[in-house]
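Working through the structure, step by step
Residue-level listing of the chains:
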Amino acid sequence: MHRLGFNHYGVGHAEEIGNTVDYAMSPHVDLSIFTILTQNEPGLEVRGPEGEWICVPLAQDALFVFLGDYLQRWTNGLYVAGEHRVRQVRTQRLSIQYKHRPGHDAVVSPLDRFLGEGNPARYEPFDTGRQYMSFLKSLLGSG
């Protein structure tokens, strides 16, 4: 499954919708194997190892790759999904994202090669159809 998305962050949009936090896109981890992103203005931040938010510098013609939740689950946490957000913008900000995901009939759980004595499964199986749709509905307030 593939998803190509276009994100627009407008100046003042947060105030228009009554947003009282200091970011335009809330902190999250993508439900994907990986995400590739390009942006035209600064604003993307990633959570560092100490919990601090680090600004991703704007780099001309650069692509940023985030590991997603599904890769973290498959590897039982060996590879960690990148938590990220978009801070409030002072100018119009655009980003294009490509997400690569398994089909809606897949169940993602730690692979056997990442399990063993003293290394039990750290994640419950996740149904990329039913549970994914339920998660999206919860984000939209309709679930």
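Let us look at the structure shown here. Computed from a prediction, not measured in an experiment: that's the story for all the values here.

Right, let's get into the pattern of salt bridges. Think of it this way: side chains of opposite charge can pair up when their charged atoms draw near. A complete count under the given rule lists 5 salt bridges for this structure. The salt bridge partner of arginine 47 is glutamate 83, with a shortest N-O separation of 2.8 Å. A residue pair is termed long-range when its members are at least 10 positions apart, and arginine 47 in strand β4 (residues 44–47) and glutamate 83 in the loop between α2 (69–74) and β7 (84–87) qualify at 36 residues. Salt bridges sharing partners connect three or more residues here, namely Glu45, Arg85 and Arg87.

This brings us to the pairing of β4. Two elements, β4 and β7, share 3 bridges in a ladder whose sense is antiparallel. Bridging across to β7, glutamate 45 finds its partner in arginine 85. When β4 meets strand β5 (residues 53–55), the two strands line up antiparallel, connected through 3 bridges. Within the sheet, the bridge partner assigned to glutamate 45 lies in β5 and is cysteine 55. Linking β4 back to β5 in an antiparallel pair, the connection comprises 5 residues, with glycine 51 at a positive phi of about 90 degrees.

On to a nonpolar patch on the surface, then. A contiguous nonpolar surface patch, about 410 Å² in accessible area, is contributed by Leu4, Phe6, Leu94 and Ile96. Checked against the element boundaries, isoleucine 96 lands in strand β8 (residues 93–100).

This part takes up the sheet that holds strand β2 (residues 23–28). Taken in spatial order, the 4 strands of this open sheet run β2-β7-β4-β5, and their pairing is antiparallel. One side of each edge strand has no neighbouring strand; the edge strands of this open sheet are β2 and β5. Ignoring strand direction, the axes of neighbouring strands in this sheet form an average angle of 30 degrees. Where β2 lies against β7, 3 bridges are found, and the strand directions are antiparallel. Each residue of the ladder has a partner; that of methionine 25, found in β7, is valine 86.

Each value, and the rule that gives it
Residues numbered from 1 in each chain as written. Predicted model: local features only at pLDDT ≥ 70, side-chain atom pairs only at ≥ 80, totals over all residues. Heavy atoms only, no water. Salt bridge = Lys/Arg side-chain N within 4 Å of Asp/Glu carboxyl O. Helix = DSSP H or I, 4+ residues; strand = E, 2+ residues; numbered from the N terminus. Pairing = 2+ DSSP bridges. Patch = residues over 30% accessible without salt bridge, like charges linked within 9 Å, V, L, I, M, F, W, Y side chains within 5 Å. Areas by Shrake-Rupley, 256 points an atom, 1.4 Å probe, with all protein chains shown as cover. Axes fitted to C-alpha atoms, helices over the stretch in contact; angles between N-to-C directions.

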